Amino acid sequence: MEKNIQIYIADDHQVLIEGIKAVLKTNKNFEVVGWALNGVDLITKVEECKADILIMDINMPEKDGLEVLKEFALKKRSFKIIILSSYDDLKLVREVMNLGAQAYLTKQCVGENIIEAIQEIENGEEYFCKSIREKIFNSFIQNNQKKNPQDSKLNIHLTERELVIIKLISLELSGKEISEKLFISTNTVETHRKNLLKKLHVNSSVGLVKYAIKHQLIKI
């Protein structure tokens, strides 16, 4: 029997908490084990509930989400963290991910993305809702090259994330530099790189570069 995923919710709006609980009830493997309306109660109670995942708002009274993350960063914790926010500022995204969060969702997309986010981080991936992914992509791709007509054909074979990573590898960014730009771990970058090698039938990063040049993903 598959183990239920224990989830704790922290937000200063009870209505939002109830809305998230209603969405999570649609998945039989999710169980809400508690909730808090402020950062102080959250820190006190989340460990007691033995949660697997914490869904947390950034703006909370008494202790905000950033303060809570900084406190969690100083001690060992067993749960993963999904951040909710009304803001889509990439500086904030970078800060919370550097403090140990695994996912970032704007409140506008919580209803449609929260289940997917939980599943992704339970599988060891980081997760961003679509609006954040688009901002991350546009922040560094928009000045590199114009969209090539062949890209639409490539999208049949490569995911949006894979397209971004192959371009960055082709630009000679290291795994660490790619992880910092995409706000993901170096392990995740390496996993994508290995999947690309297998998918495109090449043996090295040089092969990926040649592929990118051939399909005009980069300019020479």
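Residues numbered from 1 in each chain as written. Predicted model: local features only at pLDDT ≥ 70, side-chain atom pairs only at ≥ 80, totals over all residues. Heavy atoms only, no water.

A. Geometry of the state of the cysteines. One pass over the full model with this rule turns up 0 disulfides. In this model cysteine 109 remains outside any disulfide bridge; the closest cysteine sulfur is found in cysteine 129, 3.0 Å from its own. Under the relative-accessibility criterion, cysteine 109 is labelled buried at 8%. (Disulfide = S-S within 2.5 Å. Buried < 20%, exposed > 50% of the residue type's maximum accessible area, 1.4 Å probe, protein only.)

B. Molecular detail of helix H8 (residues 160-170). Of all 11 residues in H8, 9 are buried, a share of seventy percent or more. Looking one or two residues beyond H8, the residue adopting positive phi is glutamate 172, at roughly 65 degrees. (Helix = DSSP H or I, 4+ residues; strand = E, 2+ residues; numbered from the N terminus.)

C. Structural view of the packing of helix H3 (residues 65-73) against helix H4 (residues 90-98). Axis separation between H3 and H4 bottoms out at 9 Å; the angle between their running directions is 25 degrees. By the angle between their directions, the pair H3 and H4 is classed as roughly parallel. Side by side, H3 and H4 meet where Leu66, Leu69 and Lys70 of the first sit next to Leu92, Glu95 and Val96 of the second. Of the residues in the contact of H3 with H4, the class split is 4 nonpolar, no polar and 2 charged. (Axes fitted to C-alpha atoms, helices over the stretch in contact; angles between N-to-C directions. Parallel < 35°, antiparallel > 145°, perpendicular 65-115°, else oblique. Contact = heavy atoms within 4.5 Å. Nonpolar A, V, L, I, M, F, W, Y, C, P; charged D, E, K, R; others polar.)

D. Inspection of helix H5 (residues 110-122) at higher detail. If you check H5, its first and last C-alpha atoms are 17 Å apart, about what 13 residues at 1.5 Å a residue would give, namely 18 Å. For H5, the complete set of buried residues consists of Val110, Asn113, Ile114, Ala117, Ile118 and Ile121. (Expected span 1.5 Å × (residues − 1).)

E. Spotlight on the nonpolar core. Counting 69 residues, the largest nonpolar core has Leu42, Leu54, Ile55, Met56, Ile82, Val96 and Ile118 as the members making the most contacts within it. Per-element accounting of this core gives the leading share, 6 residues, to H8. If sequence neighbours within four positions are ignored, valine 96 has contacts with Ile58, Leu66, Leu69, Ile83, Ala101 and Tyr104. (Core = buried A, V, L, I, M, F, W, Y, C linked by side-chain atoms within 4.5 Å.)

F. Region of interest: the pattern of salt bridges. Applying the stated criterion across every chain yields a total of 7 salt bridges. Salt-bridge contacts for lysine 21 lead to glutamate 18; the nearest nitrogen and oxygen are separated by 3.5 Å. Of this pair, lysine 21 and glutamate 18 both sit in helix H1 (residues 14-24), 3 residues apart, which is roughly one turn of the helix. Residue glutamate 18 is classed as partly exposed on the basis of its relative accessible area of 36%. Here lysine 63 and glutamate 71 are joined by a salt bridge, their closest N and O atoms 3.4 Å apart. Of the residues examined, lysine 63 reaches a relative accessible area of 25% and is grouped as partly exposed. Each of Asp11, Asp57 and Lys107 takes part in salt bridges that share partners, so that together they form one network. (Salt bridge = Lys/Arg side-chain N within 4 Å of Asp/Glu carboxyl O.)

G. Quick look at the sheet that holds strand S6 (residues 127-128). Spatial ordering of the open sheet is given by S2-S1-S3-S4-S5-S6, a layout of 6 strands whose pairing is parallel. The outermost strands of the open sheet, each flanked by one partner alone, are strand S2 (30-36) and S6. One ladder, built from 4 bridges, connects strand S1 (residues 5-10) with strand S3 (residues 53-57); its direction is parallel. Within S3, the residue paired with tyrosine 8 across the bridge is leucine 54. (Pairing = 2+ DSSP bridges.)

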